[in-house]
Amino acid sequence: MEFAVRYDDGKDPRGINLADIVLIGVSRTSKTPLSMYLAHKRIKVANVPLVPEVQPPEELFQAERGKVIGLTIQPEQLNHIRAERLKTLGLKGQASYANSERILEELDFANEVMKRLGCPVIDVTNKAVEETASKILEIYYRRLSNV
């Protein structure tokens, strides 16, 4: 659990090398909840947000093949999730965070990074954390059996 907290949200790129799994994706694709869920299963997970204005850490591109897993989501659902998030924070829905064009820009950027990495990608649209975690564990155990 401590590992997941320490290397949450790209705080320290050194975690990429130390992690069993690295989750990447735009904001609100369940990176943190998945990291915590998998931590309960004794798996060290780091996660890194993908934002067009921030170059992804070089460590991502040096990571062992299959260690990095991309998370994506349908733009409409992401827009809804982010608009609701803004409401709970007492902010207006017009913020760029929940803007459809901005969301498409972020998803395009994330998809390009994931393509460059050649990493597996999971669509989290309408999926519970447990369901996505199950897919992540499949990928993880498959990678371990190929080592």
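Scroll up to find the structure.
J.: When you look at the environment of Arg65 in this model, what are you seeing that I'm missing?
T.: Position of Arg65 among the secondary structure elements: in the loop between α4 (58-62) and β3 (68-72). Excluding anything up to four places from it in sequence, Arg65 contacts Leu117, Gly118 and Arg143.

J.: Any chance you could explain the sheet that holds strand β2 (residues 45-49) here in plain terms?
T.: Within a sheet, neighbouring strands are paired by backbone hydrogen bonds and run either parallel or antiparallel to one another. Pairing is parallel in the open sheet, where four strands are placed in the order β2-β1-β3-β4. Because the sheet does not close on itself, it has two edges, and the strands there are β2 and β4 (121-123). Within this sheet the neighbouring strands show an average axis-to-axis angle of 25 degrees, counted without direction. Direction of pairing for β3 relative to β4: parallel, over a ladder of three bridges.

J.: Sorry if this is basic, but what is going on with helix α7 (residues 129-145) here?
T.: Here α7 spans 24 Å end to end across 17 residues, near enough to the 24 Å set by a 1.5 Å rise per residue. Structurally, α7 contributes buried residues whose contacts are with β1 (21-25), α3 (31-39), β3 and β4.

J.: Any chance you could explain the pattern of salt bridges here in plain terms?
T.: Opposite charge on two side chains permits pairing when their charged atoms draw close. Enumeration over the complete set of coordinates arrives at nine salt bridges. Between Lys87 and Glu84 there is a salt bridge whose closest N-O contact spans 3.2 Å. Highlighted residues: Lys87 and Glu84, both in helix α5 (residues 75-88), separated by three residues, approximately one helical turn. Notably, a salt bridge pairs Arg102 with Glu106, separated by 2.9 Å at the nearest N-O pair. Highlighted residues: Arg102 and Glu106, both in helix α6 (residues 100-117), separated by four residues, approximately one helical turn.

J.: Can you walk me through the nonpolar core in this structure?
T.: A general trend in soluble globular proteins is that nonpolar side chains are found buried together. Judged by nonpolar contacts, the single largest core of 38 residues is most densely connected at Ile21, Val22, Leu23, Ile24, Leu60, Val68 and Ile136. Elements supplying a minimum of two residues to this core: β1, α3, β2, β3, α6 and α7. Examining the composition of this core, we find that seven residues originate from one element, α6, more than from any other. Other than its neighbours up to four places away in sequence, Leu23 contacts Lys31, Leu34, Ser35, Val45, Ala46, Asn47, Val48, Ile69, Leu71 and Ile136.

J.: Just checking my understanding: could you explain the side chain of Lys67 for this structure?
T.: Structurally, Lys67 is set in the loop between α4 and β3. The buried charged residue Lys67 lacks any salt bridge partner; its closest oppositely charged side chain belongs to Glu64, at an N-O distance of 5.4 Å. If we ignore the near neighbours within four places in the chain, the residues touching Lys67 are Ile16, Asn17, Leu18, Ala19, Asp20, Ile21, Val22 and Arg143.

Scoring rules and cut-offs
Residues numbered from 1 in each chain as written. Predicted model: local features only at pLDDT ≥ 70, side-chain atom pairs only at ≥ 80, totals over all residues. Heavy atoms only, no water. Helix = DSSP H or I, 4+ residues; strand = E, 2+ residues; numbered from the N terminus. Contact = heavy atoms within 4.5 Å. Pairing = 2+ DSSP bridges. Axes fitted to C-alpha atoms, helices over the stretch in contact; angles between N-to-C directions. Expected span 1.5 Å × (residues − 1). Salt bridge = Lys/Arg side-chain N within 4 Å of Asp/Glu carboxyl O. Core = buried A, V, L, I, M, F, W, Y, C linked by side-chain atoms within 4.5 Å. Buried < 20%, exposed > 50% of the residue type's maximum accessible area, 1.4 Å probe, protein only. Lys, Arg positive; Asp, Glu negative; His and termini not counted.

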